[in-house]
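Each chain is listed here by its residues.
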Amino acid sequence: MNQQSSVTSAPRIWMPGFLFRRIVIISMVSAFFVASNTKAPALTVVSNGVFQTDFYGTQTPRVYDTTWGDFEITLAPDPDPLPLFLQLYIRSGPTGDPMWAIQNMCLPASNTLDSTVTISRFFDLGLIGVTSGTDCTTMEIDVEIVPLSLTSASPGPFMPVTVGTRVYNVSGSGTDNNTTPTAPTDPGTPPAPDNATTVPMVAPTKILRTDVPDVEEGVNECGPGAVTRSILWLKNKGYIDAPVTTSGLMGDFKTSSSWDAAKGVPTYADFLKGKLAVTKDLDVNNKFMVRRPSSVPAGDFETSDGKALDNGNDPTFEFIKKEIKANEDVEIYVGWLDAAGVRFNGHVMTVVGVTDDPTSKIKEITVQDDRDQNSPNAKNQRRSTRYTDGSPPGLDDIPTSNRVELVVSESARPRVTTGSVSTNQTIVVQFNSGMGGGVLDPTNFGLSGSGQGTLNGTPDSVTDLGGNQFQLTWTTGSMAFGGDIVVEVQPGATDADGNPIGQFNTLTLPGAGLPVKLSQYLIE
């Protein structure tokens, strides 16, 4: 189905050998049509909303009543493990043609949610004849949530809703040459539904973080805001241990990135400088992919505060997915293009989710930002968007025409957390994350301390015990009873994502040395 074609009536769908469960969500309450904690198979829906978007307003006259619709759904945790697909059908009224406005938007499995979560996606009001500058106050919709992606439309009963108004006022990344960006006056063309042929999903990747902090942004503060969200999330998850605060991170990043009230972060290089500065004491690894040519030359980016590892040009979906799956935080830097393809401004967001369905070929990310900068009443918003790789790559469901220019991630370096002495020839070491290359190499562990006794300085073997625990074993010698045991992990031991051990690489067990245990006594 293309953007201009209408939806035809279709019967309920059954898949061979699989009950095609359909969740139909209807109501008639104002801008939010509330499902009142409706419990349906595989999902608990709290509420939904439909809005018409006004754009900008802080740096340029506000563009009222655009053709950008905004759909919002709020979900609650539930025991069911099934990922689902959302379909939005719209029509102008009872006699209007039904249109498929959002096709196969991926929703998280309810059992992966640790709290109530709201997700949004833009859609095209022009499908039902709304023109720019026309206030859309009412329409009819059908929201259906199904366990398989759809290749043909199958709308159910439509219900009237009141359309609310929502402001999207974001900005703050410069033009990469330290010039003042111009303010947009046209949000561009809204996204078309996904026209690709899809098939039932098999073993998809679906991750959504519901615990990324809400960070208020002022005008052009998207860069500091995105970085602050990320680092606070690392801290709250226990991946880093540092006395960081929202105000401190925002201020430090502004200073170190040469942030300007009129320009935001002037260049990609400035963004990386700021990131390295605010993470220099946090025991993390920084990585990036960047569109070139740019202010960042090829190769690792290094300042006196540290080094960010270059992972290549034109940021890819696979890089973002790999970082999110590895519990790393990610910021995405998008440039906005005018009708001639010229970049005039941009925006930075925090990536909080990723979906990869290999059978339907759906690739989506979820971003979080402050949708109305300088308005303390507007909370951060999680927004779903399709991701298209290419040169350049782009976000299909974010205004305006855009290209993904820079993706930056940081991960907490692996660290030793706890350990114990099992026998006078074995020590168990616990890490904070899954370990990879080098951790089974005995030469990457060193032993010292008054309890070393006659044991060699490195173990003879390392065994994976599971749960990020590894046993170090010696075949000769023994500990000194009551002495201190000190194990130092060398940089050759990395985590599963290839990050080398960080500054917390030493395990000290005071007085833990054990005596030789005799297995039997012989008396003559």
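For the structure itself, consult the block above.
Residues numbered from 1 in each chain as written. Predicted model: local features only at pLDDT ≥ 70, side-chain atom pairs only at ≥ 80, totals over all residues. Heavy atoms only, no water.

Draft legend 1. Spotlight on the overall build of the protein chain. Within the protein chain one finds four helices and 27 strands. For the protein chain, buried positions account for 57% of its 524 residues. Pairs at least 24 residues apart make up 69% of the contacts formed inside the protein chain by residues separated by at least 6 positions. About 20,400 Å² of surface is accessible on the protein chain, with carbon and sulfur atoms providing 52% of the total. (Helix = DSSP H or I, 4+ residues; strand = E, 2+ residues; numbered from the N terminus. Buried < 20%, exposed > 50% of the residue type's maximum accessible area, 1.4 Å probe, protein only. Contact = heavy atoms within 4.5 Å. Areas by Shrake-Rupley, 256 points an atom, 1.4 Å probe, with all protein chains shown as cover.)

Draft legend 2. Structural context of unusual backbone geometry. The omega torsion across Arg292 and Pro293 is 5°, close enough to zero to call that bond cis. With respect to the element layout, Pro293 can be found in the loop between strand E12 (284-290) and strand E13 (301-303). The residue after Ser391, namely Pro392, is reached through a cis peptide bond having omega 10°. Mapped onto the fold, Pro392 is located in the loop between strand E18 (380-388) and strand E19 (394-395). Phi is positive for Asn104, which is not a glycine, with a value near 60°. The exposure class assigned to Asn104 is buried, which follows from its relative accessible area of 1%. Of note, the phi angle at Ser258 is positive, near 60°, even though the residue is not glycine.

Draft legend 3. Geometry of the packing of aromatic side chains. Per the counting criterion, the structure on display carries twelve aromatic pairs. Ring plane angle 75° and centroid distance 5.8 Å describe the contact between Phe55 and Trp68, whose orientation is recorded as edge-to-face. Note that Phe55 is positioned in strand E3 (residues 43-55) and Trp68 in strand E4 (residues 68-76), a separation of 13 residues in sequence. The same class applies to Phe55 and to Trp68, which are both buried. On the basis of an interplanar angle of 85° and a centroid distance of 5.4 Å, the ring pair of Phe122 and Tyr168 is categorised as edge-to-face. With Phe122 in strand E7 (residues 117-124) and Tyr168 in strand E10 (residues 164-168), this residue pair connects regions lying 46 residues apart in the sequence. This pair shows no difference in class: Phe122 is buried, exactly as Tyr168 is. One aromatic cluster in this structure is built from Phe55, Trp68, Phe122 and Tyr168. The ring centre of Trp233 lies 3.9 Å from the NZ or CZ of Arg209, which sits over that ring. Between Lys254 and the ring centre of Trp259, over which it is positioned, the NZ or CZ distance is 4.3 Å. (Phe/Tyr/Trp six-rings, centres within 6.5 Å; stacked < 30°, edge-to-face > 60°. Lys NZ or Arg CZ within 6 Å of the ring centre and 35° of its normal.)

Draft legend 4. Molecular detail of the packing of helix H1 (residues 222-236) against helix H2 (residues 246-256). Between H1 and H2, whose axes approach to 9 Å, the crossing angle comes to 135°. Between H1 and H2, the interaxial angle falls into the category oblique. The element H1 and its partner H2 pack so that their crossing is right-handed. Facing Gly223, Pro224, Gly225, Val227, Thr228, Ile231 and Leu232 of H1, the residues of H2 in contact are Thr246, Leu249, Met250, Phe253 and Lys254. For the contact of H1 with H2, the per-class residue count stands at seven nonpolar, four polar and one charged. (Axes fitted to C-alpha atoms, helices over the stretch in contact; angles between N-to-C directions. Parallel < 35°, antiparallel > 145°, perpendicular 65-115°, else oblique. Left-handed = near helix turned anticlockwise from the far one by under 90°. Nonpolar A, V, L, I, M, F, W, Y, C, P; charged D, E, K, R; others polar.)

Draft legend 5. Fine view of the sheet that holds strand E22 (residues 426-431). The strand order across the open sheet built from four strands is E21-E22-E25-E24, with neighbouring strands paired in antiparallel fashion. Every interior strand has two partners, whereas the edge strands, strand E21 (416-423) and strand E24 (461-466), have only one. Taken over all neighbouring pairs, the strand axes of this sheet differ in orientation by 25° on average, direction set aside. Sheet topology note: the E21/E22 ladder contains six bridges and is antiparallel. By the bridge assignment for E22, Val421 is matched with Ile427. (Pairing = 2+ DSSP bridges.)

Draft legend 6. Molecular detail of the pairing of E22. Taking burial as the measure, the six residues of E22 include six buried ones, the bulk of the element. Alternating residues of E22 divide into Thr426, Val428 and Gln430 and Ile427, Val429 and Phe431, and every residue in both groups is buried. With antiparallel pairing between neighbouring strands as the criterion, E21 and E22 make up a hairpin whose turn holds two residues.

Draft legend 7. Looking closely at the packing of H1 against helix H3 (residues 268-279). Interaxial distance between H1 and H3 falls to 11 Å at its minimum, and their mutual angle equals 35°. The crossing of H1 and H3 is right-handed. Touching Gly223, Val227 and Ile231 of H1 are Phe271, Lys275, Val278 and Thr279, all from H3. Looking at side-chain class alone, the contact of H1 with H3 contains four nonpolar, two polar and one charged residues.

Draft legend 8. The environment of Ala326, seen in detail. Topologically, Ala326 is positioned in the loop between helix H4 (317-325) and strand E15 (329-337). Residue Ala326 is classed as partly exposed on the basis of its relative accessible area of 32%. Expressed as a C-alpha distance, the spacing of Ala326 and Ser433, which sit 107 residues apart in the sequence, is 9.4 Å.

Draft legend 9. Highlighting the sheet that holds strand E23 (residues 445-448). If you trace the three strands from one edge of the open sheet to the other, you get E23-E26-E27, paired in antiparallel fashion. Bordering the open sheet on either side are E23 and strand E27 (506-509), each of which pairs with just one other strand. Averaged over all pairs of adjacent strands, the angle between their axes in this sheet comes to 15°, without regard to strand direction. Taken together, the four bridges between strand E26 (residues 485-489) and E27 define a ladder with antiparallel strand orientation. Looking at E27, one finds that Val486 is bridged to Thr508.

Read these as geometric descriptors, not functional statements.
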